[in-house]
Amino acid sequence: MSSTGHATHKEPVAVVGIGQTKHVAARKDVSIAGLVREAAQRALEDAQLTWADIDAVVIGKAPDFFEGVMMPELYLADALGAVGKPMLRVHTAGSVGGSTALVASNLVASRVHKTVLTLAFEKQSESNAMWGLSLPIPFTQPLLAGAGGFFAPHVRAYMRRTGAPDHVGSLVAYKDRRNALKNPYAHLHEHGITLEKVQSSPMLWDPVRYSETCPSSDGACAMILTDRAGAARSPQPPAWMHGGAMRSEPTMFAGKDFVSPQAGKDCAADVYRQAGIGDPRREIDAVEMYVPFSWYEPMWLENLGFADEGGGWKLTESGVTELDGDLPVNMSGGVLSTNPIGASGMIRFAEAALQVRGQAGEHQVDGARKVLGHAYGGGSQFFSMWLVGAQPPTS
């Protein structure tokens, strides 16, 4: 799948409103409907719009059995102001937050609708995602208690392939948890975090330690996407979409590269082509990357073209991906600090938009003009990405 097309014929897409809930382990004070409405209302307030200004709603979440509520979108229309309006549900596993935003953007780009509310959520406290991800599937390897059991061997393969030293994963986790302290919406605020604490945390799935894994969060994220005319009426500078794409591949097939999946490479290449990016390492200012386990930062740096094979861990180790580095990664604290699964991808997209709007607060990157948002899901098989900029696209 891809959101490719003739750029000259597309309506430019702008992000004029962003809203998040405070992500926590359990939001027992609200229902799913209350959770999503909270994020949507904050996005509307940010855009200074009302429910009547929204033409359509695009919603996404992870598998329904994570909460035990089947097809919740059917009863969320009222909470999201979608009564009598088109409402679409998107599902691409963990990448769904990003995919949902891209589906919404295509509705604006194709001039089907002028202004669209897009939202993604997860209320993991309603169920148990780790065991939900441990279902026995015929003819496939067991996940061994959660997603970490599936991905740990791929991390080991990366280490063998590149010669990455054991401490790199801990460096990523230490960085992201410190960044989260600057983000009021982040789930984990570990005051007093040290590298030594990360490295002494229990080993869960060798080589992934407890502090190198994502939490289980309740939360929602919403954005208001609009056309050029809507952006002109925005009271504050919007973020402009320069490129967006989705790609997928099977969970397993002969020749699949679990360390650097081809679908991820193809997705990034498509986004860069749309945005006119020739050298992502030099032309992109920062990245909000989907890193549920710390080692995926260096792995995705290579997959997305920011480093050659074997060079990703060197960027991390040398401090390039720190908040004050040459290519900051996960300024918000990332998935390692906040993980309402269905919303995690959209949070990456929204945080990228906040950066180019200059509204990321204490985790703002000075001078950020072009920022990449990235999400992946399933068995490293679903990918969605967008590049947003402070200025409208030139074509």
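What you see is a predicted model; the values in this text were computed from it and never measured.

Describing the UniProt feature "domain: Thiolase C-terminal" (unreviewed entry) in the protein chain
Move 1: Under the UniProt annotation, "domain: Thiolase C-terminal" (unreviewed entry) lies at residues 249–379.
Move 2: For residues 249–379, helix accounts for 37% and strand for 8%, while the C-alpha atoms at its two ends are 9 Å apart.

Here's the deal with the state of the cysteines
Move 1: On inspection of all chains with the given rule, the structure shows zero disulfides.
Move 2: With no disulfide partner, cysteine 221 has as its closest neighbouring cysteine sulfur the one in cysteine 214, 17 Å distant.
Move 3: Here cysteine 267 is not disulfide-linked; the sulfur of cysteine 221 is the nearest cysteine sulfur, at 19 Å.

What to know about the side chain of glutamate 11
Move 1: Tracing the sequence through the fold places glutamate 11 in the segment before strand S1 (14–20).
Move 2: Accessibility expressed as a relative area gives 14% for glutamate 11, which makes it buried.
Move 3: One polar contact links the side chain of glutamate 11 to the main-chain amide nitrogen of arginine 228, over a distance of 3.0 Å.
Move 4: Those residues in contact with glutamate 11 that sit more than four places away from it in its chain are Val108, Ala109, Arg111, Asp227 and Arg228.

Thoughts on the domain arrangement of the protein chain
Move 1: Along its sequence, the protein chain is organised into domain 1 (4–128 + 216–238) and domain 2 (147–214 + 248–340 + 362–389).
Move 2: A straight line from the C-alpha centre of domain 1 to that of domain 2 covers 24 Å.
Move 3: Taken over both partners, the interface formed by domain 1 and domain 2 buries close to 1,700 Å², and the fraction arising from carbon and sulfur atoms is 61%.
Move 4: Connecting domain 1 to domain 2 are zero salt bridges.
Move 5: For the interface between domain 1 and domain 2, the tally reads 10 residue pairs in polar contact (both at pLDDT 80 or more).
Move 6: Elements that contribute at least two residues to the side of domain 1 that touches domain 2 include exactly S1, helix H3 (96–109) and strand S7 (218–226).
Move 7: Classifying every residue of the side of domain 1 that touches domain 2 gives nine nonpolar, 13 polar and five charged.

Some remarks on the sheet that holds S7
Move 1: One open sheet holds the nine strands; their spatial order is S3-S2-S4-S7-S1-S8-S11-S10-S9, and the pairing between them is mixed. Lying at the two open borders of the sheet, with one neighbouring strand each, are strand S3 (87–90) and strand S9 (286–288). Mean inter-strand twist for the sheet, computed between neighbouring axes without regard to direction, equals 25 degrees.
Move 2: With eight bridges joining them, strand S8 (residues 239–248) and strand S11 (residues 382–389) adopt antiparallel strand pairing. Bridge assignment links glycine 244 to a residue of S11, and that residue is tryptophan 386.

Overview of the packing of aromatic side chains
Move 1: Applying the stated criterion to the full structure yields 15 aromatic pairs.
Move 2: A centroid spacing of 5.6 Å and a plane angle of 20 degrees characterise the contact between tyrosine 296 and tyrosine 376, whose relative ring orientation is stacked. Placement of tyrosine 296 in helix H11 (residues 296–303) and of tyrosine 376 in strand S10 (residues 370–377) is noted, with a sequence separation of 80 residues between them. For the pair tyrosine 296 and tyrosine 376, one class covers both residues: buried.

Overview of the pattern of salt bridges
Move 1: With the rule as written, the count across this model stands at 24 salt bridges.
Move 2: Residue glutamate 126 pairs with lysine 123 through a salt bridge whose shortest N-O separation is 2.9 Å.
Move 3: Across the salt bridge formed by glutamate 322 and arginine 178, the nearest N and O atoms sit 3.2 Å from each other. Of the two residues, glutamate 322 is situated in the loop between helix H12 (312–317) and helix H13 (341–357) and arginine 178 in helix H6 (residues 168–180); the sequence distance between them amounts to 144 residues.
Move 4: Relative accessible area serves as the criterion here: at 22%, glutamate 322 is assigned to the partly exposed category.

Definitions and limits used
- Residues numbered from 1 in each chain as written.
- Predicted model: local features only at pLDDT ≥ 70, side-chain atom pairs only at ≥ 80, totals over all residues.
- Heavy atoms only, no water.
- UniProt positions renumbered as here; feature names shortened; annotations may be inferred.
- Helix = DSSP H or I, 4+ residues; strand = E, 2+ residues; numbered from the N terminus.
- Disulfide = S-S within 2.5 Å.
- Buried < 20%, exposed > 50% of the residue type's maximum accessible area, 1.4 Å probe, protein only.
- Polar contact = N/O pair within 3.5 Å; in protein donor to acceptor, adjacent residues only side chain to side chain.
- Contact = heavy atoms within 4.5 Å.
- Domains from an automatic or database assignment.
- Buried area = accessible area lost by both parts, 1.4 Å probe.
- Salt bridge = Lys/Arg side-chain N within 4 Å of Asp/Glu carboxyl O.
- Nonpolar A, V, L, I, M, F, W, Y, C, P; charged D, E, K, R; others polar.
- Pairing = 2+ DSSP bridges.
- Axes fitted to C-alpha atoms, helices over the stretch in contact; angles between N-to-C directions.
- Phe/Tyr/Trp six-rings, centres within 6.5 Å; stacked < 30°, edge-to-face > 60°.

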